[in-house]
Amino acid sequence: MTIHGLWVISKAGGLVFSRSYSDVLPPQPVNTILTLAGILHGIHAITAKLTPTPIPGVTAGGLESFEAEGWGGKVFLTPTGTKFVVLHSLPQSGLDDLMKRIYEIYSDAVMKNPFHTPEMPINSALFETKLQTLMSGVNA
Amino acid sequence: MSSAVGYSTTPPAGSSRFSLASSSTSLYSTSQNPSSSTINNNPNRRESARSSIVPIQQQLFGGTAQPQGNVNILDRSINKTKGSEMALSAWAFIFAEVIAYSQSRSDSIADLEKRLSTLGYEVGQRILSLVLLRNTQASNLKDPKREHRLIPILQFVHTQIYKYVFGKPADGLERSSEAEDEYMLVLNESPLSQFISVPKDMSDLSCESFTAGLVEGVLDGLEVPARVTAHWVGDQYPDHPQRTVILIKLDQKVMDREEALGK
């Protein structure tokens with residue numbers, strides 16, 4: 001499995017972080033990624049309402065993953081509404097663990113950083129370094 | 001003995017350095033020391049306290065012992081540290097909030113560092129009292145030790161204070177090669193600021209100013225006035241990108257005293 005990229009989408013649907021970790025997928029301009037992230041946010045909200053057999057008392061989570069030819073995406077929603085989207089190669093394995101690791105790094109390097117403003121673009125060297133280490137471990 | 005005098009505050013004369021108030025009745029015979037004395041003559045107290053060891057806070061503040069698990073911070077035993085450690089995450093969040101708060105009230109990086117340093121100073125003063133008290137009690141009040149020479153004091157900070165605050169001694173204590181009165185405490189990775197990523201436009205800022213203030217507070221309490229500052233040197237050490245040096249610039253008065261005391 002190769003990780004192609006990571007997006008972090010704020011609860012309002014804005015892209016706050018995006019990095020590419022391989023050159024398999026063609027690089028996109030930032031504006032395109034912003035738009036795509038916005039669309040994904042919308043689709044996620046719609047899918048959450050479309051659950052065919054809703055379980056009473058349980059809130060439907062919405063889109064969890066999508067697949068295209070040769071690559072796919074995994075969506076992880078935190079309880080506070082932040083979404084992590086990982087673009088990966090197929091077949092994939094161990095994505096759930098990876099998602100938890102990313103969430104952990106996010107909690108440590110972003111949420112505990114006094115210079116970060118919630119819902120604003122992530123600008124933390126520590127976050128990037130830690131992610132880079134994690135991703136090069138996975139992609140190796 | 002009646003229950004009304006159950007919470008006497010007078011430890012035996014001569015052996016205590018921490019009595020606050022004296023009351024007319026003492027529960028302790030002179031051979032007992034306060035930290036290990038048991039109360040056998042007060043049934044109410046014995047019921048409520050699970051252990052027979054009387055926490056020093058209760059002697060000082062007259063608190064009532066509660067069942068363990070829901071104990072007021074003032075009712076805890078002063079010597080028992082196991083289980084009362086704080087989660088690093090909780091600390092990280094509160095420290096982040098402290099920095100954000102200070103930042104919103106300061107107009108420059110120097111001002112922000114000053115504010116953090118001032119907060120650290122207050123912490124240092126309190127930690128010093130606590131560590132000294134614990135050491136005194138650990139030595140059973142027989143041989144209370146308090147360093148008075150410069151090098152042992154710095155080693156005390158390097159080992160005991162750092163161990164208390166960070167869980168491990170500092171990674172190095174060095175004397176500056178340029179100035180006689182400058183010493184450096186090195187910590188390769190501080191738990192305090194390990195999650196903090198300083199933005200580029202504030203790259204001069206060292207959040208370890210808090211630690212610097214803490215060290216200054218401790219040194220001041222030991223009668224070693226000094227100007228303490230924190231400097232990030234991680235760029236020179238690729239292995240330790242968070243390496244920080246706490247620079248201690250001693251007051252001239254300290255150097256004079258050291259010289260007068262001689263070897």
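Residues numbered from 1 in each chain as written. Chains lettered and ligands numbered in written order. Predicted model: local features only at pLDDT ≥ 70, side-chain atom pairs only at ≥ 80, totals over all residues. Heavy atoms only, no water.

In the nomenclature of an unreviewed UniProt entry, chain B is known as Trafficking protein particle complex subunit of Kwoniella bestiolae CBS 10118. Quoted straight from UniProt, the Subunit (unreviewed entry) entry for chain B says "Part of the multisubunit TRAPP (transport protein particle) complex." Regarding chain B, the UniProt comment filed under Sequence similarities (unreviewed entry) reads as follows: "Belongs to the TRAPP small subunits family. BET3 subfamily." (UniProt positions renumbered as here; feature names shortened; annotations may be inferred.)

As recorded in an unreviewed UniProt entry, chain A goes by Trafficking protein particle complex subunit and comes from Kwoniella bestiolae CBS 10118. The record held by UniProt for chain A lists under Sequence similarities (unreviewed entry) the comment "Belongs to the TRAPP small subunits family. TRAPPC4 subfamily." Listed in UniProt under the heading Subunit (unreviewed entry), the comment for chain A reads: "Part of the multisubunit transport protein particle (TRAPP) complex."

## Remarks on the packing of helix H5 (residues 150–166) of chain B against helix H6 (residues 209–221) of chain B
All names here are of chain B. Viewed as axis vectors pointing N to C, H5 and H6 meet at an angle of 125°, and their least axial separation amounts to 11 Å. Our classification of the angle between H5 and H6 gives oblique. With respect to the hand of their crossing, H5 and H6 are arranged in right-handed fashion. On the side of H5, the interface is formed by Ile153, Leu154, Val157, Ile161, Tyr162, Val165 and Phe166, while H6 contributes Thr211, Leu214, Val215, Val218 and Leu219. In the contact of H5 with H6, the residues fall into 11 nonpolar, 1 polar and no charged. (Axes fitted to C-alpha atoms, helices over the stretch in contact; angles between N-to-C directions. Helix = DSSP H or I, 4+ residues; strand = E, 2+ residues; numbered from the N terminus. Parallel < 35°, antiparallel > 145°, perpendicular 65-115°, else oblique. Left-handed = near helix turned anticlockwise from the far one by under 90°. Contact = heavy atoms within 4.5 Å. Nonpolar A, V, L, I, M, F, W, Y, C, P; charged D, E, K, R; others polar.)

## With respect to the confidence of the model for chain B
All names here are of chain B. Summing up the model confidence of chain B, the mean pLDDT is 74 and the portion of residues at 70 or higher is 71%. Note on residues 1–43: pLDDT is under 50 here. Beyond four places in sequence and across chains, it has 72 contacts. Predicted as a complex, the structure gets a pTM of 0.71 and an ipTM equal to 0.80. (pLDDT = per-residue confidence, 0-100.)

## Comments concerning the nonpolar core
Residues Val157, Tyr162, Val215, Leu219, Ile248 and Leu250 of chain B are the most contacted members of the largest nonpolar core, which totals 42 residues. Elements that contribute at least two residues to this core include exactly helix H3 (88–104), helix H4 (109–138), H5, strand S2 (182–187), H6, strand S3 (226–232), strand S4 (244–250) and helix H7 (252–261) of chain B. The element contributing the most residues to this core is H5 of chain B, with 8 residues. In terms of nonpolar packing, the next biggest core, distinct from the first, is built from 22 residues, Ile3, Leu98, Phe127 and Leu134 of chain A among them. (Core = buried A, V, L, I, M, F, W, Y, C linked by side-chain atoms within 4.5 Å. Buried < 20%, exposed > 50% of the residue type's maximum accessible area, 1.4 Å probe, protein only.)

## With respect to H4 of chain B
Taking 1.5 Å per residue, 30 residues should reach 44 Å; H4 of chain B reaches 42 Å between its end C-alpha atoms and fits that length. Directly beyond the C-terminal end of H4 of chain B, a positive phi value near 60° is found at Asn140 of chain B. (Expected span 1.5 Å × (residues − 1).)

## Points about the packing of H3 of chain B against H4 of chain B
Residues and elements named next belong to chain B. Closest axis-to-axis distance for the H3/H4 pair is 9 Å, and the angle between their directions is 130°. When the axis of H3 is compared with that of H4, the two are oblique. Note on packing geometry: the crossing formed by H3 with H4 is right-handed. Here H3 contributes Val98, Ile99, Ser102 and Gln103 to the contact with H4, which in turn contributes Leu112, Arg115, Leu116 and Leu119. Considered class by class, the residues forming the contact of H3 with H4 number 5 nonpolar, 2 polar and 1 charged.

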